[in-house]
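Summary of the model geometry
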Amino acid sequence: MKQLKNAVVAAVAATLVAGTAMAQDAPITKLRIQTHHAPETTAGKLYSSMFDSIEALSNGEIDIEPFFSSSVVKSVETFDAAATGILDCDATGGAYQTGKNPAFQFVGDIMGGYATPTQQLSWLYYGGGLEAAQELYNQYDMQLIGWMVYGQESFASTKPIRSVADLKDWKFRSPPGMETKIFEKLGAKPVVMDFTEIFTALETGIIDGADASNIATNKGLGLYDIAKFANYPGFHSMPSDHLACNKAVWDAMPDHHRTIMEGAMADAALKAVLFVEKQNTEALAALRAEGVEIAAWSDEDLQTFRNVAQETWPEFATTPEAKALVESHLAYLKELGLVQE
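What counts, and at which threshold
- Numbering of residues starts from 1 in each chain and follows the order in which that chain's sequence is written.
- Whole-chain, interface and lining totals are the exception, using all residues; otherwise, since this is a predicted model, local features are given only for residues with pLDDT of at least 70 and side-chain atom pairs are given and counted only at 80 or more.
- The side-chain quantities take in all heavy atoms of the structure and omit both hydrogens and water.
- Starting at the N terminus, helices and strands are each numbered in turn, a helix being any DSSP run of H or I of at least four residues and a strand any DSSP run of E of at least two.
- Throughout this description, buried means an accessible area under 20% of the type-specific maximum (1.4 Å probe, protein chains only), exposed means over 50%, and partly exposed covers the range between.
- Any pair of residues with heavy atoms lying within 4.5 Å of one another is described as a contacting pair.
- Pairs of N or O atoms within 3.5 Å make up the polar contacts considered here, provided that, within protein, one atom can donate a hydrogen while the other can accept it, and that residues adjacent in sequence are counted only when both atoms are side-chain atoms.
- Only when DSSP finds a minimum of two bridges between them are two strands counted as paired.
- A right-handed crossover is one whose linking path, passing over the helix from the first strand to the second, runs clockwise when the strands point away from the viewer.
- Here the axes come from fitting lines to C-alpha atoms, over the contacting stretch only for helices, and the angles between their N-to-C directions go from 0 to 180 degrees.
- We call two directions roughly parallel when the angle between them is under 35 degrees, roughly antiparallel when it is over 145, roughly perpendicular when it lies between 65 and 115, and oblique otherwise.
- The hand of a helix crossing depends on one turn: near helix anticlockwise from the far one by less than a right angle means left-handed, and clockwise means right-handed.
- Working definition: a disulfide is two cysteine sulfur atoms within 2.5 Å of each other.

**Here's the deal with the environment of Asp 194**
Mapping Asp 194 onto the fold places it in the loop between β7 (189–192) and α8 (198–204). In the structure, Asp 194 is positioned 19 residues away from Pro 175 in sequence and 7.8 Å away in space, judged by C-alpha atoms.

Have a look at this one:
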């Protein structure tokens, strides 16, 4: 009996030693990831939760050091910092890299394409989008892991914006690039200015409205304290954040680490869609109670916008990579019935 007891103890001890040795021999992946989002924002919280999930699912084999609010390099520099090894991964968005290649416009903010975030995510995962985008990212020594798409953005305006006709001479804050061209064609007068200048510009009448963010974020910024007109659902802009990592770092990771990263990103993308929709619905009810007019554009007006936007895409598809992405989007949009033959 004593011999059996000793044998059991020895076996348990051997198992523990073997387990410890296995843990010590487990591959460790250390990733420095920067995002432009602050940790207290919706996106920042989603990223924090995703990072925690990755570490838990990998049993600590993936060790993430996050940097929020672009604390290492400027937002626009994050991609290059990851590609050159200053960081390992970039959690900003492709739209920051349009100066590098206009193709990034079509993985950053497509504009006038998909009606919902799930449709846009569907292109990425089931419409050949990830493969098409990966060719672009790999050219710059980066690997696209996935997207977060938060949904359509809404305007804040001091004038009614009920239809395309209301855009005539409508002065609004716009980011630079393709958006300004689209809205100029529709009769509006876009004014490119920094995000931080929006509130004062609305208050002083320099602009009539603003493209800032989704309706919940706009409300949180206090824009509807001044601007008593909004549109919902949004239609003009649905930017996507990406998670992209240094390709050499990615290729060196064990297969199961890559699988965990890809799965966690896809899970975070779904949570982002659901959570932002909940926030927007709550904001919508509150704004209506406060007397803000909410306009839903007609199908005809929405199609007018999409037609003009899609006619503008070729003006920015000036590289082979951009043309390939536009063709990929158009093919999938036709499948969804969002592009007229």
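**Quick word on the environment of Gln 279**
Tracing the backbone through its elements, the reader meets Gln 279 in helix α11 (residues 255–289). Assessed through its relative accessible area of 22%, Gln 279 is described here as partly exposed. For Gln 279 and Ala 216, which are 63 residues apart along the polypeptide, the C-alpha to C-alpha distance reads 5.9 Å. Sequence-distant contacts of Gln 279, defined by excluding residues within four places in its chain, comprise Thr 42 and Ala 216. Engagement of the side chain of Gln 279 in a polar contact is seen with the side chain of Thr 42, the distance being 3.0 Å.

**Concerning the pairing of β7**
Bridge analysis of strand β6 (residues 171–174) against β7 gives four bridges, and the strand direction is parallel. Across the sheet, Lys 171 pairs through a bridge with Lys 189, a residue of β7. Taken together, β6, helix α7 (residues 178–185) and β7 constitute a β-α-β crossover, and its handedness is right-handed.

**Thoughts on the packing of helix α5 (residues 117–126) against α11**
For the pair α5 and α11, the least separation of the axes is 10 Å and the interaxial angle reads 165°. Of the possible angle classes, the one that applies to α5 and α11 is roughly antiparallel. The handedness of the crossing between α5 and α11 is right-handed. When α5 is examined against α11, the residues Pro 117, Thr 118, Leu 121 and Tyr 125 are found in contact with a partner set consisting of Ala 266, Ala 269 and Val 273.

**Notes on the state of the cysteines**
Under the criterion given, the structure shown has one disulfide. One disulfide bridge connects Cys 89 with Cys 245, the sulfur atoms lying 2.1 Å from each other. Measuring handedness by torsion sign, the sulfur bridge of Cys 89 and Cys 245 sits at about 100° and is right-handed. With Cys 89 in strand β3 (residues 89–91) and Cys 245 in strand β10 (residues 240–246), this pair connects stretches of sequence that are 156 residues apart. As far as burial versus exposure is concerned, Cys 89 and Cys 245 are alike and both buried.

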